[in-house]
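# Structural characterization, general
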There are 2 protein chains.
Amino acid sequence: MTDMPLEPGPAPVTGEVPVAFQDPTYRAAVVDLLGAIAYGEIAAFERLAEDAKMAPGLEDKTELAGMASTEFGHFCALRERLRELGVDPFAAMEPFQKPFEAFHARTAPSDWLEGLIKAYVGEGLSADFYREIAAFVDADTRTLIIDSLEDAGQSEFVVDRVRRAIEADHRVGGRLALWGRRLMGEALSQAQRVAAERDALSALLAGGVDRPGMDLAAIGRMFTRLTENHAKRMEQLGLAS
Amino acid sequence: MTDMPLEPGPAPVTGEVPVAFQDPTYRAAVVDLLGAIAYGEIAAFERLAEDAKMAPGLEDKTELAGMASTEFGHFCALRERLRELGVDPFAAMEPFQKPFEAFHARTAPSDWLEGLIKAYVGEGLSADFYREIAAFVDADTRTLIIDSLEDAGQSEFVVDRVRRAIEADHRVGGRLALWGRRLMGEALSQAQRVAAERDALSALLAGGVDRPGMDLAAIGRMFTRLTENHAKRMEQLGLAS
């Protein structure tokens with residue numbers, strides 16, 4: 001049924017594996033997708049824990065520590081699913097380490113507010129993107145992905161803190177608007193790099209003989225939706241996009 | 001019954017508050033104790049998240065991120081209890097920020113193994129210490145404290161990694177043994193500083209007319225137990241204490 005042995009072995013596969021996984025390309029794409037999201041959760045944990053250090057007070061610090069812990073909880077569910085699929089979760093995550101690190105190296109926040117905006121805009125954009133891809137996978141995988149993308153409390157907290165800062169000093173708005181634009185540009189360029197390198201993932205988006213996918217026009221419309229949602233988030237923050 | 005208003009207000013106290021809290025000195029001591037442990041959990045979260053960066057691989061990194069998340073979960077229970085007592089948790093934690101920061105500044109690990117040993121030895125020592133104090137508080141507070149001190153998975157993980165490192169290169173044992181001794185010395189000196197500054201906490205240990213406490217000989221025996229347990233942990237790691 002799957003490419004795992006059917007005879008009883010020492011490490012039985014406990015989860016249900018849908019029939020779609022008979023197709024090795026589909027299976028590779030789902031493993032890539034879960035690996036990418038899992039690595040993203042760990043990277044988000046690290047960023048939030050790092051940004052917590054810049055918090056102006058103990059209460060804000062614990063808010064960020066709480067978000068980091070929520071991201072770690074999401075990671076655990078993805079790790080478990082990868083193991084159910086008979087895959088080493090860390091091997092599945094490995095290909096995404098470099099693009100994530102490159103993104104983070106190019107967008108190191110210089111202060112507390114830049115860190116908050118990065119958490120909100122970065123999480124929002126990647127959640128939108130994975131939700132688009134989730135439309136092309138089996139129901140179980142889709143549910144797991146949607147649950148993993150649940151807002152860890154960032155949105156409300158970040159919008160509140162950034163709006164307060166702009167109210168206190170209008171000049172920060174211009175600087176932070178530029179920062180938001182830079183984040184969007186860097187995220188898109190890393191996403192393109194991943195798409196170019198991971199054939200199975202791209203094939204998932206493109207579809208196949210027996211599987212619907214996106215043609216170039218549909219991919220264009222997807223990018224329009226991503227850009228529009230980014231603009232809405234910036235507006236929520238009180239920033240021009 | 002307590003020093004909170006009895007008339008129905010907008011933020012009712014939901015938890016049970018034992019009769020012992022009628023004594024304001026006892027109440028202040030418990031608030032101090034919970035504040036100190038809560039700050040310790042947040043500090044542990046930060047240290048573990050920081051040490052995760054030094055991990056030699058993705059799997060070890062996620063192990064530390066998991067321990068950090070567990071510490072954050074403990075923090076949440078303490079924060080909730082402080083709120084039930086009608087106390088601002090962050091105000092209760094504030095007096096302990098400086099001693100914890102001083103300890104961490106004096107014991108910044110220079111590599112992955114030093115970070116692991118600090119997590120294990122530091123958590124073990126503070127857990128032993130708080131368990132000793134927990135003998136002098138009401139049952140509810142004691143249960144909360146004991147639960148908060150539950151091992152976050154450090155012990156097994158750290159013992160395994162440190163033993164493996166010593167097997168691979170016996171010379172690291174000498175350096176790490178010195179490191180363990182330094183951690184113990186710095187922890188004791190910060191604990192003494194806290195005891196000197198927080199009268200209610202010291203009074204809790206000393207006891208009162210209607211409450212058992214420790215005389216100087218008993219405090220001496222407590223330090224002997226703390227030192228013996230530290231030596232056992234160092235032995236577990238394969239290190240001289």
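Refer to the preceding data block for the structure.
What comes next is a walk through the structure. The residue count restarts for each chain, going from 1 along the sequence in the order it is written. Labels follow written order: the first chain is A, the first ligand is 1, and so on. Since the coordinates come from a predicted model, pLDDT governs what is reported: local features require at least 70, and pairs of side-chain atoms require 80 or more to be given and counted, while whole-chain, interface and lining totals use all residues.

### A word on the overall build of chain A
The test is simple: Strands are runs of DSSP state E lasting at least 2 residues, helices are runs of H or I lasting at least 4, and numbering of each runs from the N terminus. Between the two quantities, the radius of gyration covers C-alpha atoms and the globule rule is 2.2 Å times the number of residues to the power 0.38. Residue burial here comes from a neighbour count, namely the number of other C-beta atoms, placed from the backbone, that lie within 10 Å of the residue's own C-beta, with 20 or more meaning buried, 12 or fewer meaning exposed, and in between meaning partly exposed. Each residue is represented by a C-beta atom placed from its backbone, and any two residues with such atoms within 7 Å are regarded as in contact.
Secondary structure summary: chain A contains ten helices and zero strands in total. Expected size for 241 residues packed as a compact globule is a radius of gyration near 18 Å; at 19 Å, chain A falls within 12% of this value. The dimensions of chain A, computed from C-alpha atoms along their principal axes, are 65 × 40 × 25 Å. Going through the 241 residues of chain A one by one, you find that 38% of them count as buried. A separation threshold of at least 6 residues defines the contact pool for chain A, and within that pool the share at least 24 residues apart is 75%.

### Structural notes on the packing of helix α4 (residues 97–106) of chain A against helix α8 (residues 172–197) of chain A
All names here are of chain A. As a reminder of what qualifies: As a rule, the C-alpha atoms of each element are fitted with a line to give its axis, helices using only the stretch in contact, and angles between N-to-C directions run from 0 to 180 degrees. Angular relationships are summarised with four words: roughly parallel below 35 degrees, roughly antiparallel beyond 145, roughly perpendicular across 65 to 115, and oblique for the angles in between. Crossings are classed by handedness, with left-handed meaning an anticlockwise turn of the near helix from the far one by less than a right angle and right-handed meaning a clockwise turn. As a working rule, the residues Ala, Val, Leu, Ile, Met, Phe, Trp, Tyr, Cys and Pro are called nonpolar, Asp, Glu, Lys and Arg charged, and the rest polar, with Gly in that last group.
Relative to each other, α4 and α8 sit at 165 degrees, their axes nearing to 10 Å. With respect to their mutual orientation, α4 and α8 come out roughly antiparallel. At the point where α4 passes α8, the crossing takes the right-handed sense. Residues P99, A102, F103 and R106 of α4 form the contact with α8, whose own contacting residues are E186, A187, Q190, R193 and V194. Residue classes in the contact of α4 with α8 are distributed as five nonpolar, one polar and three charged.

### Focus: the relation of the copies chain A and chain B
Stated formally: Residues below a pLDDT of 70 in either copy are left out; the C-alpha atoms of the rest, at least 70 in both, set the least-squares superposition of the copies.
Mapping chain A onto chain B leaves a residual RMSD of 0.0 Å; the transformation is a rotation of 180 degrees accompanied by 0.0 Å of translation along its axis. The transformation just described matches what one would write down for a two-fold rotation axis. For chain A, the minimum C-alpha distance to the rotation axis belongs to A:S69 and amounts to 2.4 Å. Interface residue correspondence from chain A to chain B reaches 95%, placing this contact among same-surface, isologous pairings.

### Let's talk about the interface of chain A and chain B
Contacts between the two partners involve 19 residues from chain A and, on the opposite side, 18 residues from chain B. Secondary-structure elements contributing two or more residues to the side of chain A that touches chain B are α1 (24–52), α2 (58–84) and α3 (89–93) of chain A. Per-element tally for the side of chain A that touches chain B: the top contributor is α2(A), with eleven residues. Residue composition of the side of chain A that touches chain B, by class: eleven nonpolar, four polar and four charged.

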